[in-house]
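# Coordinate inspection notes
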Amino acid sequence: MSKRDTGRSEVLAAGIAEPADQVPLPPPDAKVSTIACEYCPVACGYKVYTWPLEKEGGPAADENALGVDFPVQQLTGKWVSPNMHNVVQVDGRPHHVIIIPDGDATVVNVGGTHSVRGGAIAQKLYNPQTPTVDRLQVPLLRVRGTLQPISWDAATDIVAEVSKHVIENHGELAWGIKRYSYQFYENIYAITKLGYEKVGSPNHAPHHAPAEGDDVPGFSDTGIDAFSAAFEDDKEADVLFISGSDPYETKTVRFTTWMAAGGAKIIYVDPRKTFTAAFAEQRGGLHLQLKLGTDTALYNAIVRHIIEQGWEDKDFIEEHTSSADEIAQDGKWRRRMFGLSFEGLRAYLQSDDAFTLEGAEQITGVPADKIRQAAEMLTGGGAAERPKTVILFEKGLYWSHNYENTAAIGNLGVVLGSVGRPGRAISRMGGHQRGGQSAGKYPIDKSPHEFQGNKIEMDTDRWTVEGKTRFMWVIGLNWVGAAACSQQIIDTLRRLVLETEPQVTSEDTATAIAQLKERIDNGGMVLVHQEIYENETTEFADLVLPAATWGEENFARNNAERRLRLYERIADPPGEARPDWQIVAEVARKMGFDGFDWADSNEIFEEAGAASKGSRRDFSALVEKVQAEGRRGHDLLREFGTTGIQTPIRGDGGDLVGTPRLHEDLTFKTASGKANFVKADWAAVKARNDLLAPVGDELWVTNGRVNHLWNNLFDFTRRPYAIQRWPMNFLEINPEDASARDIESGDLLRIESDRVRNQVGEEIQGSFEAVAYVSDIVPPGVTWTYFHYPKSHANAVVSADTSLQPISLRYNFKLGRGRVVKIGTTDLRERMPFAPRNLV
């Protein structure tokens with residue numbers, strides 16, 4: 001165990017992180033800041049109170065900064081729980097901090113509601129007396145197999161010199177970046193300015209995919225923006241159609257404040273009988289419990305039935321959808337290849353009996369009568385007044401059959417005219433917040449990969465597995481766990497980084513640079529990992545760079561309804577940790593590039609304004625206003641508080657006006673300005689399903705998230721209440737499948753497969769371990785696990801062969817398969833609840 005790990009273990013063993021039974025109140029003169037939650041795409045607004053340790057407020061309203069008498073009656077936004085308090089360093093001095101949901105909020109988390117994740121976000125901040133003690137604090141260089149501290153100057157020298165060597169001797173395609181796609185405008189802008197604009201490398205991919213590009217390409221080809229809706233549309237709607245996301249578990253406040261409170265009937269599509277499924281049925285809605293991988297057939301059948309009954313929005317289709325001739329003139333090859341007019345869509349759907357109600361029942365397992373009911377509920381079944389319908393979808397839909405599923409659900413939205421009007425929308429729900437403001441265009445012309453003669457984004461993971469990447473800079477993710485066929489990534493990193501000579505034998509900068517260059521020339525790779533905590537990817541890194549994160553720098557980004565807000569700096573970062581933009585800028589300057597001399601993050605924000613113009617993130621009007629007035633962009637954004645302003649932003653007589661929802665003028669992102677229908681090719685899906693389906697004693701292994709946890713648990717393994725609830729990854733397994741394998745809840749399982757297709761199409765072995773959670777929440781033949789639990793990756797049994805999805809190069813994360821083997825028992829039966837989690 002490393003020294004850094006030992007420190008954290010000692011804190012946990014000492015019980016320092018045990019919940020407190022009292023919380024200090026902020027005095028009236030405490031500093032008040034605003035911020036939004038770090039985690040889910042809802043991004044609830046919070047107020048932050050900081051003050052020196054020597055002071056404390058009192059219980060009377062005039063004695064505390066909250067301005068209320070304690071004890072309080074309002075438990076949201078005014079009552080402070082122990083998890084909302086921490087002790088941090090501010091300008092080198094210890095301060096109390098309280099991070100509390102904004103009780104005055106009128107948007108997002110109205111009145112100060114919060115999730116179990118966000119309500120404890122104060123615990124995220126670095127405090128050496130808590131489990132955050134193991135934050136990365138200094139640059140580390142692997143010398144003779146051990147990470148050793150070095151200076152920032154040495155670290156950035158190494159990155160810059162090795163980068164220049166790779167580009168000059170092996171070409172820019174050998175220089176790669178894997179990075180988060182959400183971690184604030186300022187960071188993403190700096191990273192892409194270096195990667196896209198200066199280096200010009202297409203070897204650049206986000207945390208969740210092997211290649212850059214559109215996550216929902218079939219949907220985007222309809223011309224509708226993926227984040228067009230507002231949360232208020234959920235409450236305005238009469239019907240909510242939800243696919244590929246359990247909003248209670250993963251977007252809790254949106255569910256409780258906007259969906260459930262609005263009273264809409266919910267049509268919920270999910271192979272599992274979750275809480276949201278039970279909630280929908282209890283309140284007059286439907287649960288369409290489809291077989292895994294059959295979404296395209298289901299949505300095609302619903303759309304066909306709507307058309308056959310004459311229930312489509314005829315006026316919208318007549319006035320606002322493209323003709324075949326208009327589609328043929330579109331400048332985008334995908335739209336020309338797959339776009340359909342209404343007549344073309346109808347002909348395609350009528351050409352295949354799979355899309356009849358009875359045919360779809362046989363394929364999807366959803367009873368024909370339920371499909372009929374869904375179509376009637378969505379349209380009103382010919383009633384004089386159509387119901388207002390909102391369609392929402394997320395990763396369960398597009399992390400399986402990416403292009404076809406997103407095209408099929410897009411067609412449903414267009415046939416209903418559900419777009420651009422209050423309570424009528426179709427939109428992604430988001431998996432994380434939206435911080436992806438790039439500095440320029442991805443250099444797709446340099447990509448070595450194509451689809452039928454058309455350039456597509458470069459498959460970075462495949463390129464690396466093929467041994468063609470010589471330098472990889474991993475920023476803000478655990479690549480090992482995030483990639484499909486994770487065992488292949490592990491094997492590749494071990495071979496190219498740890499087993500290719502020479503290894504670094506000296507902390508001397510010149511020696512290290514020379515040895516790393518030699519390894520590159522010998523066919524190996526150099527790996528730089530920039531993070532806040534060590535994870536499995538760090539085990540392979542030559543160089544580890546400590547990053548400053550949420551609450552440690554002034555940043556900006558949007559939430560899932562495009563609400564732009566300032567995330568204010570609360571506390572000092574630990575040790576020598578720096579914000580990502582600052583690290584990238586120093587490296588870029590040392591590589592000889594200009595344009596990276598920003599004094600602070602606000603200067604990047606203002607520079608990025610011009611790059612945002614014309615996009616859903618367009619905040620250029622805000623930047624133009626502050627520059628005309630001699631102010632700072634971050635300062636003006638701060639004045640909007642937790643309300644923020646929805647992008648795109650436009651100027652109106654000196655005022656800034658936000659955009660609640662997109663497409664309100666019913667114009668769309670196509671050459672014709674009209675919406676398209678798109679071919680959702682069931683034959684392609686069926687062929688892919690046949691390749692990926694379980695055989696013999698294998699089961700489907702699908703995955704998702706649970707309420708208490710977030711992402712790869714980078715914060716939550718350091719949060720006692722969360723890790724006590726979920727001390728180990730788990731596998732939901734149906735009682736029928738469990739009985740056949742002599743499995744009970746609490747047993748230790750290995751999920752294994754020797755048929756995992758790797759990034760180059762070869763079948764290899766993969767496995768992970770989990771505790772059994774026997775429940776009928778999953779149907780027979782299907783298991784479900786947490787997506788990204790540390791050292792227990794569902795992706796180990798997920799195929800990574802992107803030739804299966806050649807249009808968009810996206811992984812089939814939701815379509816894993818494997819044998820489930822009992823390998824022992826655990827003591828978790830006594831300390832981990834295994835009660836049903838889908839009760840209403």
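Quick look at the structure, then.

### Here's the deal with the pattern of salt bridges
- In this structure the tally under the stated criterion is 68 salt bridges.
- D102 is the partner of K47 in a salt bridge, and the nearest nitrogen-oxygen pair spans 3.7 Å. Within this pair, whereas K47 is found in strand 2 (residues 45–52), its partner D102 is found in the loop between strand 4 (93–101) and strand 5 (140–143), the two being separated by 55 residues in sequence.
- Of the residues examined, D102 reaches a relative accessible area of 5% and is grouped as buried.
- Among the ionic pairs, K395 bridges to E394, the shortest N-O distance being 2.9 Å. Side by side, K395 and E394 carry an identical accessibility label, which is buried.
- Salt bridges linked by common partners bring D153, D157, R578, E586 and K590 together as one network.

### Here's the deal with the sheet that holds strand 1 (residues 31–36)
- If you trace the four strands from one edge of the open sheet to the other, you get 1-2-4-3, paired in antiparallel fashion. With one partner strand each, in any of the chains shown, strand 1 and strand 3 (85–90) form the two edges of the open sheet. Across the sheet, the mean angle separating the axes of adjacent strands is 35 degrees when strand polarity is ignored.
- With seven bridges connecting them, strand 2 and strand 4 associate as antiparallel partners. Bridge pairing in strand 4 places P52 opposite H95.

### Examining the pairing of strand 14 (residues 425–428)
- Of the two faces of strand 14, the one carrying A425 and S427 and the one carrying I426 and R428 are both buried.
- In the sheet, strand 13 (residues 389–393) pairs with strand 14 via four bridges, with the strands oriented parallel. Within strand 14, the residue paired with V390 across the bridge is A425.

### Some details on the nonpolar core
- Residues I99, F241, L288, I302, L412, V415 and W473 are the most contacted members of the largest nonpolar core, which totals 190 residues.
- Beyond its immediate stretch of four places on either side in the chain, L412 contacts F241, I302, V303, I306, L378 and I391.
- Formed by 21 residues, the second largest nonpolar core is a distinct cluster that contains V465, M472, A483 and A541.

So, how was this worked out
- Residues numbered from 1 in each chain as written.
- Predicted model: local features only at pLDDT ≥ 70, side-chain atom pairs only at ≥ 80, totals over all residues.
- Heavy atoms only, no water.
- Salt bridge = Lys/Arg side-chain N within 4 Å of Asp/Glu carboxyl O.
- Helix = DSSP H or I, 4+ residues; strand = E, 2+ residues; numbered from the N terminus.
- Buried < 20%, exposed > 50% of the residue type's maximum accessible area, 1.4 Å probe, protein only.
- Pairing = 2+ DSSP bridges.
- Axes fitted to C-alpha atoms, helices over the stretch in contact; angles between N-to-C directions.
- Core = buried A, V, L, I, M, F, W, Y, C linked by side-chain atoms within 4.5 Å.
- Contact = heavy atoms within 4.5 Å.

Purely geometric numbers; function is a separate question.
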